[in-house]
Amino acid sequence: MISDRWMSWPSREALTREGQSPARLWFVRFVRVVIAGSLLWEAFHHDRGWRLVAGVGLVVLCAGLAWAYFRTSFDRRLWPSATLLVLLMGCGYAAQAGDWRVLALVLWCGTAVLSLERMPLAAAAVCVPLAMAAFAASNNDNWLVTGLIVIGLALAGYTLRLDADARGNAQRLLTQERAARTAEAETAALAERARIAREIHDVLAHSLSAQLVHLEAARLLIEGEATREQILERVVAARSMAREGLSETRQALSALRGEMTPVEDFLRDLVASDKASVSVQGARRALPAEASQAVRRVAQEALTNVRKHAPGARVVVRLAYGEGEVTLDVRDTGGTPGELAVSGAGYGLLGMRERAELLGGSLTAGPGEEGFIVTLKVPT
């Protein structure tokens, strides 16, 4: 872990301007302008002729080298970055020799701070002593002041590095949070699509398949020259199925909008035309939308299966509110299979079980002592 700390580069997020406040950006620009202005002022104010050209040229060269160092250190290229720092320190010696003392001090202090901020600590541990030694040798202050300045510059460079690392970590966390929110939204959209698909299946599949059976029976009766009453009976049955399908479609649309009647009232309306009874146990309470919809759909599917496989059987529907879950129990007394027993592809029970498992619940279906029993349990 220690070696990783010494050999690792600052993150790219830490070296970009992203995440910095406008005030901080303007402050950085202001400092750069002040430094560049001071260096140019030194060249223009004290020099004439070729020395003026040389001083301005040296300032421009140092600016180009600094820009190149910013690029190479951002790309994490160690040797080009180290070479550019050495060249900047060499420019400092050239400035010192040419009596541009301010430029020399700025170059040595700047290379020390920039190496700590943008390079691996192992590389900075080599560059900083070289730059600070040159600064101490050329500084005219006493050794105590010079030592304090050296220590202050080292702390400033390391502080900038820590600040950049913190900002980079914040940017990475923000990026991850945005990605997580996007993934969550996509997952929610897919879940909603799946829920709508289940509603379409539950509402339309059974009513349409039953209508198809009745209409096919009516066609066969017409071809067999059956009586008008027999044909009319099939047509009326198909019309009844269409009405039920339309009513269920309206209920499904209301549920998708969140406009659902209480589950107890829905169950009583559902069994109104059947030989069925409804009992409610436990303290009644509002159910989550998905749990409420699961109870409704399973009850519809179970009663549809009774009509198909045991028409005329007596049905008992029990809704029990338990601790943290609700239980729906639908059982019939059995009977002779009806004409619709062969309709459908057998996906009803599978769809009910998948619906329950998606909610963290369970569904069991199988023969009982007399007829068939369907039991749903979903958490609330």
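In what follows, the structure referred to is the one given above.
Predicted, not measured: the structure shown is a model, and the values here were computed from it.

Visitor: Just to check I follow, could you spell out the pairing of strand β4 (residues 362-367) for this structure?
Guide: Each regular strand displays side chains that alternate between the two surfaces of the sheet. Strand direction decides the pairing type here: β4 and strand β5 (residues 372-379), joined by 6 bridges, are antiparallel. Note on β5: the bridge partner recorded for Pro-367 is Phe-372. With antiparallel pairing between neighbouring strands as the criterion, β4 and β5 make up a hairpin whose turn holds 4 residues.

Visitor: Quick question: what am I supposed to make of the environment of Met-119 here?
Guide: For Met-119, the position within the fold is in the loop between α6 (101-118) and α7 (121-138). Note: C-alpha distance between Met-119 and Leu-78 (41 residues apart in sequence) is 7.8 Å. Setting aside residues up to four positions removed in sequence, Met-119 forms contacts with Trp-9, Pro-10, Tyr-69, Leu-78, Ser-81, Ala-82, Leu-85, Leu-114 and Arg-161.

Visitor: Is there a simple way to think about the pattern of salt bridges in this case?
Guide: For side chains bearing opposite charge, pairing can occur when the charged atoms are close. All told, the structure shown has 6 salt bridges when counted by the stated rule. For Arg-167, the salt bridge is made with Asp-163, and the minimal N-O distance between the two is 3.2 Å. In this pair, Arg-167 and Asp-163 are both assigned in helix α8 (residues 143-223), 4 residues apart and thus about one turn of the helix distant. Relative accessible area serves as the criterion here: at 12%, Arg-167 is assigned to the buried category. When its relative accessible area of 30% is taken as the criterion, Asp-163 is described as partly exposed. Between Glu-216 and Arg-219 there is a salt bridge, with its nearest N and O atoms 2.4 Å apart. Pair noted here: Glu-216 and Arg-219 are both in helix α8, with a separation of 3 residues, about one helical turn. The class of Glu-216 is partly exposed, set by a relative accessible area of 33%. One salt-bridge network, in which partners are shared between bridges, spans Glu-216, Arg-219 and Glu-223.

Visitor: In this structure, what is going on with a nonpolar patch on the surface? I would like to understand it.
Guide: Together, Phe-30, Val-31, Val-34, Ile-35, Val-102 and Val-106 line one region of the surface with nonpolar side chains, adding up to about 450 Å² of accessible area. Elements supplying a minimum of two residues to the nonpolar patch: α3 (22-46) and α6. Ranked by residue count, the leading element in the nonpolar patch is α3, at 4 residues. If you trace the backbone, Val-106 turns up in helix α6. A relative accessible area of 31% means that Val-106 is categorised as partly exposed.

Rules used in this analysis
- Residues numbered from 1 in each chain as written.
- Predicted model: local features only at pLDDT ≥ 70, side-chain atom pairs only at ≥ 80, totals over all residues.
- Heavy atoms only, no water.
- Pairing = 2+ DSSP bridges.
- Helix = DSSP H or I, 4+ residues; strand = E, 2+ residues; numbered from the N terminus.
- Contact = heavy atoms within 4.5 Å.
- Salt bridge = Lys/Arg side-chain N within 4 Å of Asp/Glu carboxyl O.
- Buried < 20%, exposed > 50% of the residue type's maximum accessible area, 1.4 Å probe, protein only.
- Patch = residues over 30% accessible without salt bridge, like charges linked within 9 Å, V, L, I, M, F, W, Y side chains within 5 Å.
- Areas by Shrake-Rupley, 256 points an atom, 1.4 Å probe, with all protein chains shown as cover.

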